Amino acid sequence: MPATTPRRWRSGTEPATARSDLKLRYLLSLTFTPLFALATAAFAVWAANAPETGAPSRGTLVGFAVACGLLTLFATVDLVVVLRRRRTEL
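Residues numbered from 1 in each chain as written. Predicted model: local features only at pLDDT ≥ 70, side-chain atom pairs only at ≥ 80, totals over all residues. Heavy atoms only, no water.

1. Observations regarding the packing of helix α2 (residues 22–49) against helix α3 (residues 58–89)
Then step 1. Packing of α2 against α3 leaves a shortest axis separation of 7 Å and a crossing angle of 155°. As summarised for this structure, α2 and α3 are arranged roughly antiparallel, according to the angle between their axes. In this structure, α2 crosses over α3, and the sense of that crossing is left-handed.
Then step 2. Here the contact of α2 with α3 is composed, by residue class, of 22 nonpolar, six polar and six charged. (Axes fitted to C-alpha atoms, helices over the stretch in contact; angles between N-to-C directions. Helix = DSSP H or I, 4+ residues; strand = E, 2+ residues; numbered from the N terminus. Parallel < 35°, antiparallel > 145°, perpendicular 65-115°, else oblique. Left-handed = near helix turned anticlockwise from the far one by under 90°. Nonpolar A, V, L, I, M, F, W, Y, C, P; charged D, E, K, R; others polar.)

2. Structural notes on the environment of L38
Then step 1. Along the chain, the position of L38 falls in helix α2.
Then step 2. Spatially, the C-alpha atoms of L38 and C68 are 8.8 Å apart, while their sequence positions differ by 30 residues.

3. Notes on a nonpolar patch on the surface
Then step 1. Together, V62, V66, L70, L71, L73, F74, V77 and V81 give the surface a local cluster of nonpolar side chains, amounting to about 680 Å² of exposed area.
Then step 2. Mapped onto the elements, F74 comes out in helix α3.
Then step 3. By relative accessible area, F74 is classed as exposed at 55%. (Patch = residues over 30% accessible without salt bridge, like charges linked within 9 Å, V, L, I, M, F, W, Y side chains within 5 Å. Areas by Shrake-Rupley, 256 points an atom, 1.4 Å probe, with all protein chains shown as cover. Salt bridge = Lys/Arg side-chain N within 4 Å of Asp/Glu carboxyl O. Buried < 20%, exposed > 50% of the residue type's maximum accessible area, 1.4 Å probe, protein only.)

Okay, here's the thing in structure tokens:
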């Protein structure tokens, strides 16, 4: 029977002392906020100009526009949080 090392128990302080990579989050938020905003505008314009019986239905395009709008909102909120944390921590 092979010898195994004993399992190390968590101390319970990991979430309190864990740190995220603020530079990476800043870069991703800075990249994807305008990208999602452009995608939102593009899907909204496409949905407005789509025919009633088009291949992607108008409802599908509106759904994509709403989804991209929510992703824009999340990326913007994350960008604000990262900027605030970088200002206070660095």
